[in-house]
Amino acid sequence: YYLWCFDPSSLAETTCYYYPNFYYGTFQAAGVINTNIPYYTDVEFQKWLSNNEDYVKDAKDYMAEVAADMGLGLTRAQLNSGSGLTWQEFEADYWKSEFESDATSLFGRFSKDAWHSINNNDLVLYPTRRCFEEDYSASYREVDIDGTTVEVPNVPPPF
């Protein structure tokens, strides 16, 4: 999970929310040849959609508020279990982690609104929002590689 803390000028007004490591892309597992393991999967996304903890509900509420402000059409109801929304659709239509500069990217908007400071050299200070150095995926993820089940090692987040 990442802790996203937002600038006072954003809709959140300095509130922080926890979000999963939403990122479209793959990584190579150390010691495992020819792996392209996704950073995030639909199985994990569906678990997040079905999570009813208060901190998750608050994060979903804020995401829907930002999406509405951006005119994206992502509703709070879509962020619940059973809505039919998949990780692939969410990434392609709303989050757009590969297209951070796109005006319709939730990831881009969150990145822009995240609390940060810029030094005299125009360098963003504290650009990461992760809570831990590694994502601890080894504690819950296994993938099938050519018919062999492989535990995913802990990996550093992609950004």
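Residues numbered from 1 in each chain as written. Predicted model: local features only at pLDDT ≥ 70, side-chain atom pairs only at ≥ 80, totals over all residues. Heavy atoms only, no water.

Considering the packing of aromatic side chains
Item 1. Per the stated rule, a full pass over the model turns up 28 aromatic pairs.
Item 2. For the ring pair tryptophan 95 and phenylalanine 110, a centre distance of 5.4 Å and an interplane angle of 80 degrees mean the geometry is edge-to-face. Here the residue tryptophan 95 occupies a position in helix α3 (residues 87-95), and phenylalanine 110 occupies one in helix α4 (residues 106-113), the gap between them amounting to 15 residues.
Item 3. The exposure class assigned to tryptophan 95 is buried, which follows from its relative accessible area of 1%.
Item 4. The aromatic ring of tryptophan 48 is capped on one face by lysine 60, whose charged end is 5.3 Å from the ring centroid. (Phe/Tyr/Trp six-rings, centres within 6.5 Å; stacked < 30°, edge-to-face > 60°. Helix = DSSP H or I, 4+ residues; strand = E, 2+ residues; numbered from the N terminus. Buried < 20%, exposed > 50% of the residue type's maximum accessible area, 1.4 Å probe, protein only. Lys NZ or Arg CZ within 6 Å of the ring centre and 35° of its normal.)

So, the packing of helix α1 (residues 42-50) against α3
Item 1. Relative to each other, α1 and α3 sit at 85 degrees, their axes nearing to 8 Å. Relative to α3, the element α1 lies roughly perpendicular. Between α1, through Asp42, Phe45 and Gln46, and α3, the contact on the second element is made entirely by Trp87, Gln88 and Phe90.
Item 2. Among the residues making up the contact of α1 with α3, the classes are represented as three nonpolar, two polar and one charged. (Axes fitted to C-alpha atoms, helices over the stretch in contact; angles between N-to-C directions. Parallel < 35°, antiparallel > 145°, perpendicular 65-115°, else oblique. Contact = heavy atoms within 4.5 Å. Nonpolar A, V, L, I, M, F, W, Y, C, P; charged D, E, K, R; others polar.)

A short note on the confidence of the model for the protein chain
Item 1. This prediction gives the protein chain a mean pLDDT of 80; 75% of its residues lie at or above 70.
Item 2. When pLDDT is averaged over each element of the protein chain, α3 comes out on top at 96 and strand β6 (residues 124-125) at the bottom at 57. (pLDDT = per-residue confidence, 0-100.)

Topic: the pattern of salt bridges
Item 1. Inspection of every chain in the model, using the stated rule, returns five salt bridges.
Item 2. With a shortest N-O distance of 2.8 Å, arginine 109 and aspartate 113 are connected by a salt bridge. In this pair, arginine 109 and aspartate 113 are both assigned in helix α4, four residues apart and thus about one turn of the helix distant.
Item 3. Under the relative-accessibility criterion, arginine 109 is labelled buried at 16%.
Item 4. Of the charged contacts in the structure, one is a salt bridge between aspartate 113 and lysine 112, with a shortest N-O distance of 3.5 Å.
Item 5. A cluster of three or more residues bridged by salt bridges with shared partners is formed by Asp69, Arg109, Lys112 and Asp113. (Salt bridge = Lys/Arg side-chain N within 4 Å of Asp/Glu carboxyl O.)

Remarks on α3
In an α-helix there are 3.6 residues to a turn, and that puts residues three or four apart on one side.
Item 1. Of all the residues in α3, the buried ones are Trp87, Phe90, Glu91, Tyr94 and Trp95. Projected down its long axis, α3 shows its buried positions confined to an angular sector of 115 degrees, all on one face.
Item 2. Looking at the buried positions of α3, the neighbouring elements they touch are β1 (2-5), α1, α2 (54-70) and α4.
Item 3. Lysine 96 sits one or two residues past α3 and shows a positive phi near 55 degrees. (Arc of directions from axis to C-beta.)

Re α2
Item 1. Given a rise of 1.5 Å per residue, 17 residues ought to cover 24 Å, and the 24 Å separating the end C-alpha atoms of α2 matches this to within 8%.
Item 2. Residues of α2 that are buried include every one of Val56, Ala59, Lys60, Tyr62, Met63, Ala64, Val66, Ala67 and Met70, and no others.
Item 3. Contacts made by the buried residues of α2 are with β2 (16-19), α1, α3 and α4.
Item 4. Just past α2, the residue glycine 71 takes up positive phi, approximately 70 degrees. (Expected span 1.5 Å × (residues − 1).)

So, unusual backbone geometry
Item 1. The phi dihedral of lysine 96 is positive, around 55 degrees, even though this residue is not glycine.
Item 2. Structurally, lysine 96 is set in the loop between α3 and α4.
Item 3. For lysine 96, a relative accessible area of 13% puts it in the buried group.

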